[in-house]
Amino acid sequence: MTVYVSIIQDRHTDVEAELFTTAAAAVAYARAAILDIAHGEEDGFEEEDIEGWVYFAQYKYERDCVRVYKKELRAK
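Okay, the nonpolar core next. I34, F45, Y55, A57, V66 and V68 are the most contacted members of the largest nonpolar core, which totals 15 residues. Elements with a minimum of two residues in this core: β1 (2-9), α1 (23-37), β4 (55-59) and β5 (65-72). Considering every element that reaches this core, the biggest residue donor is α1, with five residues. Excluding its chain neighbours within four sequence positions, the residues that come into contact with I34 are F45, Y55, A57, Q58, Y59, D64, C65 and V66.

Attention shifts here to the pairing of β1. Among the eight residues of β1, six are classified as buried, and the element is accordingly described as predominantly covered. Here β1 pairs with β5 via eight bridges, running antiparallel. Bridge pairing in β5 places I8 opposite V66. Bridging between β1 and strand β2 (residues 16-20) involves five bridges; their strand directions are antiparallel. Its bridge partner being in β2, V5 is matched across the sheet by L19. Remark: six residues form the turn of the hairpin made by β1 and β2, two consecutive strands paired antiparallel.

The next point concerns the sheet that holds β5. Strand order in the open sheet formed by five strands is β2-β1-β5-β4-β3, with antiparallel pairing between adjacent strands. Where the open sheet ends on each side, the last strands, each with one partner, are β2 and β3 (45-47). Averaged over neighbouring strand pairs, the angle between their axes works out to 20° when direction is ignored. Across the sheet, α1 is in contact with β1, β2, β3, β4 and β5; its angle to β1 comes to roughly 5°.

A few words now on the pattern of salt bridges. Inspection of every chain in the model, using the stated rule, returns three salt bridges. A salt bridge links E42 to R31; its shortest N-O distance comes to 3.2 Å. With E42 in the loop between α1 and β3 and R31 in helix α1, the pair connects residues that are eleven residues apart, well separated along the chain. The partly exposed category is assigned to R31, whose relative accessible area is 29%. What emerges from the salt-bridge pattern is a single network uniting R31, E42 and E47.

Basis of the calculations
Counting restarts for each chain, with residues numbered from 1 along the sequence as it is written. Since the coordinates come from a predicted model, pLDDT governs what is reported: local features require at least 70, and pairs of side-chain atoms require 80 or more to be given and counted, while whole-chain, interface and lining totals use all residues. Derived side-chain values reflect all non-hydrogen atoms in the structure, with water molecules and hydrogen atoms excluded from consideration. Only buried residues count toward a nonpolar core. Its members are Ala, Val, Leu, Ile, Met, Phe, Trp, Tyr and Cys residues joined through side-chain atoms within 4.5 Å. Working definition: with a 1.4 Å probe on protein chains only, accessible area under 20% of the residue-type maximum means buried, over 50% means exposed, and in between means partly exposed. Counting from the N terminus, the helices are the DSSP runs of H or I reaching at least four residues and the strands are the DSSP runs of E reaching at least two. Between two residues, a contact is recorded if the distance between any of their heavy atoms is within 4.5 Å. In short, DSSP must find at least two bridges between two strands for them to pair. In this description, a line fitted to the C-alpha atoms serves as the axis of each element, helices being fitted only across the stretch in contact, and the angle between N-to-C directions of two axes falls anywhere from 0 to 180 degrees. What counts as a salt bridge is simple: a side-chain nitrogen of Lys or Arg found within 4 Å of a carboxyl oxygen of Asp or Glu.

Next up, the structure:
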């Protein structure tokens, strides 16, 4: 089974990881998180295309970031 892992890395809190069954849901979660980190400012973060990741965005003023990647869930 394929899952999408959304990682929220905010230096003010512990790193969070959430699993989703669709890329769209994982990206929506990550995008909402980076928007929250950027205090609701759409221009407060930058999205980048990074090979191997479904989504990546970083807060412009600090190193806080979110990312989504695809992973196969192991049965064992």
